[in-house]
Amino acid sequence: PDPHRLGVWLHGIGGSGKTTLAKLLFNRLAPHFQHSAFIELQHDVRIGNQQLGDLLGQLGVESNRHASATGLLSMLDKYVCNKAVLVVVDNVWTSEHLDQLLPRRFGPGSRVIITSRSSEVTSSWWQQVMRSEPTLILSCAEGDV
């Protein structure tokens, strides 16, 4: 495992504090990164140019809003593969959200934080992308709230 990269996965029921904790972590960690982004998803969102453009913009990359989603994701892949970035994706509802929004590789020193109500939503993406990296998984069950 690469000790220079870390993924944090927060999952639990609605109202359990996932977003609050993710915002706290982002606000504490962001000053230590030149490139950081916090993306909040809606339940019925279809990932496309808007979300990819927002992510690229927050990371400091000028993007062509008229480019295809595939082109923007390729641009994101090339940009973050050699940089230490902090990326938070809040309120992930489907594994497709992660496939369509996040790159397949992150540079050394990167931190990725994902919040979801379901422990199954991110598992396939996590295994493919973060499998070689140490991962902290925080879960809040119904009885814990």
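Everything below is about the structure shown above.
What counts and how
- Numbering of residues starts from 1 in each chain and follows the order in which that chain's sequence is written.
- Given that the model is predicted, a residue must reach a pLDDT of at least 70 before its local features are reported, and side-chain atom pairs must reach 80 or more before they are shown or counted; all residues, however, enter totals for whole chains, interfaces and linings.
- Excluding hydrogens and water, the side-chain values take into account all heavy atoms of the structure.
- By definition, any uninterrupted DSSP run of H or I lasting at least four residues is a helix, any uninterrupted run of E lasting at least two residues is a strand, and each is numbered from the N terminus.
- Residue exposure (1.4 Å probe, protein chains only): buried if accessible area is under 20% of the type maximum, exposed if over 50%, otherwise partly exposed.
- What counts as a ring pair is set by centres within 6.5 Å for rings of Phe, Tyr and Trp (its six-membered ring), and what kind of pair is set by the plane angle: stacked under 30 degrees, edge-to-face over 60, tilted for all other angles.
- Each axis is a line fitted through C-alpha atoms, taken for helices only over the stretch in contact, and angles between the N-to-C directions span 0 to 180 degrees.
- With respect to orientation, any angle under 35 degrees is reported as roughly parallel, any angle over 145 as roughly antiparallel, any angle of 65 to 115 as roughly perpendicular, and every other angle as oblique.
- Helix crossings fall into two classes, left-handed where the near helix is turned counterclockwise from the far one by less than a right angle and right-handed where it is turned clockwise.
- Between two residues, a contact is recorded if the distance between any of their heavy atoms is within 4.5 Å.

Draft legend 1. Structural context of the environment of Ala 22. Mapped onto the elements, Ala 22 comes out in helix α1 (residues 18-29). Owing to a relative accessible area of 0%, Ala 22 belongs among the buried residues under this scheme. When the C-alpha atoms of Ala 22 and Val 88 are compared, they prove to be 7.2 Å apart, with 66 residues separating the residues in sequence.

Draft legend 2. Quick peek at the packing of aromatic side chains. Counted under the stated rule, the structure contains one aromatic pair. Taking the centre distance of 5.5 Å and the plane angle of 75° together, the rings of Phe 26 and Phe 38 count as edge-to-face. With Phe 26 in helix α1 and Phe 38 in strand β2 (residues 35-40), the pair connects residues that are 12 residues apart, well separated along the chain. Taking the relative accessible area as the measure of exposure, Phe 26 reaches 14% and is therefore buried. On the basis of relative accessible area, Phe 38 is assigned to the buried category, the value being 13%.

Draft legend 3. Structural detail: the packing of helix α2 (residues 49-58) against helix α3 (residues 69-80). Contact geometry of α2 with α3 gives a least axis separation of 9 Å together with a crossing angle of 20°. By the angle class used here, α2 and α3 are roughly parallel. By crossing handedness, the relation of α2 to α3 is classed as left-handed. Between α2 and α3, the residues in contact are Asn 49, Leu 52, Gly 53, Leu 55 and Leu 56 and Ala 69, Leu 72, Leu 73, Met 75 and Leu 76, respectively.

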